[in-house]
Amino acid sequence: RRLNPAISIRWEARALGRDPETLALLESADAVADCTDNVAARYMLNDGCYFAGTRLYSASALGDQGSLTNYFFEQTACYRCLHPKPTHEALRRCGDRGVWGPVPGALGALQALELIADRDDARVALFDGLELRRFAKPPKRPSCALCGTAATIRDFFDASL
């Protein structure tokens, strides 16, 4: 609070799903930290935060690598723009492939810093265990099922992988 007195952190440890309670929870937040190890949950949080108008801060780790991505839906591409369909590799979880112990810890700390700083820096940060590189995210994809010009996902409840 000394660094950012306007911040209030609420921890929610409960199962989330495509239900009215989850959508209401996402709507009540200013920002959401995606700390999941599950691609279906990542798509669900992306879709829910998009419809709730809530910023999403996502961290993902696998092996000795990871990424941080901030989604400010009013101005940047969503997760579905970057990943229209889950790849075979994306469907693998840390428990399936393994992850270097420090990698999720480092990404979690960086994710927390991104949330606290609350910058409008919509970039993807890649983490390879030794080096962090930043690059601009591509623009919104017009054919994106969620946020594209001809979106087919109309509300939180009709989206699927």
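Provided above is the structure to which this section pertains.
Residues numbered from 1 in each chain as written. Predicted model: local features only at pLDDT ≥ 70, side-chain atom pairs only at ≥ 80, totals over all residues. Heavy atoms only, no water.

Participant: What should I look at first to understand the packing of aromatic side chains in this one?
Facilitator: When we look at a pair of aromatic rings, we describe it by the centre distance and by the angle of the planes. All chains considered together, the criterion is met by seven aromatic pairs. On the numbers, 5.2 Å between centres and 80 degrees between planes, the contact of tyrosine 50 with phenylalanine 51 is edge-to-face. Phenylalanine 51 sits in the partly exposed class, given a relative accessible area of 26%. Seen in terms of ring centroids, tyrosine 57 and phenylalanine 72 are 6.0 Å apart; in terms of plane orientation they differ by 70 degrees. Their pairing is edge-to-face. (Phe/Tyr/Trp six-rings, centres within 6.5 Å; stacked < 30°, edge-to-face > 60°. Buried < 20%, exposed > 50% of the residue type's maximum accessible area, 1.4 Å probe, protein only.)

Participant: Quick question: what am I supposed to make of the environment of leucine 26 here?
Facilitator: Its place among the elements puts leucine 26 in helix H1 (residues 20–27). On the basis of relative accessible area, leucine 26 is assigned to the buried category, the value being 3%. Spatially, the C-alpha atom of leucine 26 lies 9.0 Å from that of phenylalanine 51, the residues being 25 residues apart in sequence. In this view, leucine 26 contacts Val32, Leu45, Gly48, Cys49, Ala52 and Thr54; residues no more than four positions away in its chain are not counted. (Helix = DSSP H or I, 4+ residues; strand = E, 2+ residues; numbered from the N terminus. Contact = heavy atoms within 4.5 Å.)

Participant: How should I be thinking about the state of the cysteines in this particular structure?
Facilitator: Here is the idea: a disulfide is a covalent bond, and it sits between the sulfur atoms of two cysteines. All chains considered together, the criterion is met by zero disulfides. Free of any disulfide, cysteine 49 has its nearest cysteine sulfur in cysteine 78, 11 Å distant. Of all cysteine sulfurs in the structure, the one in cysteine 81 sits closest to cysteine 147, which takes part in no disulfide; the separation is 3.4 Å. (Disulfide = S-S within 2.5 Å.)

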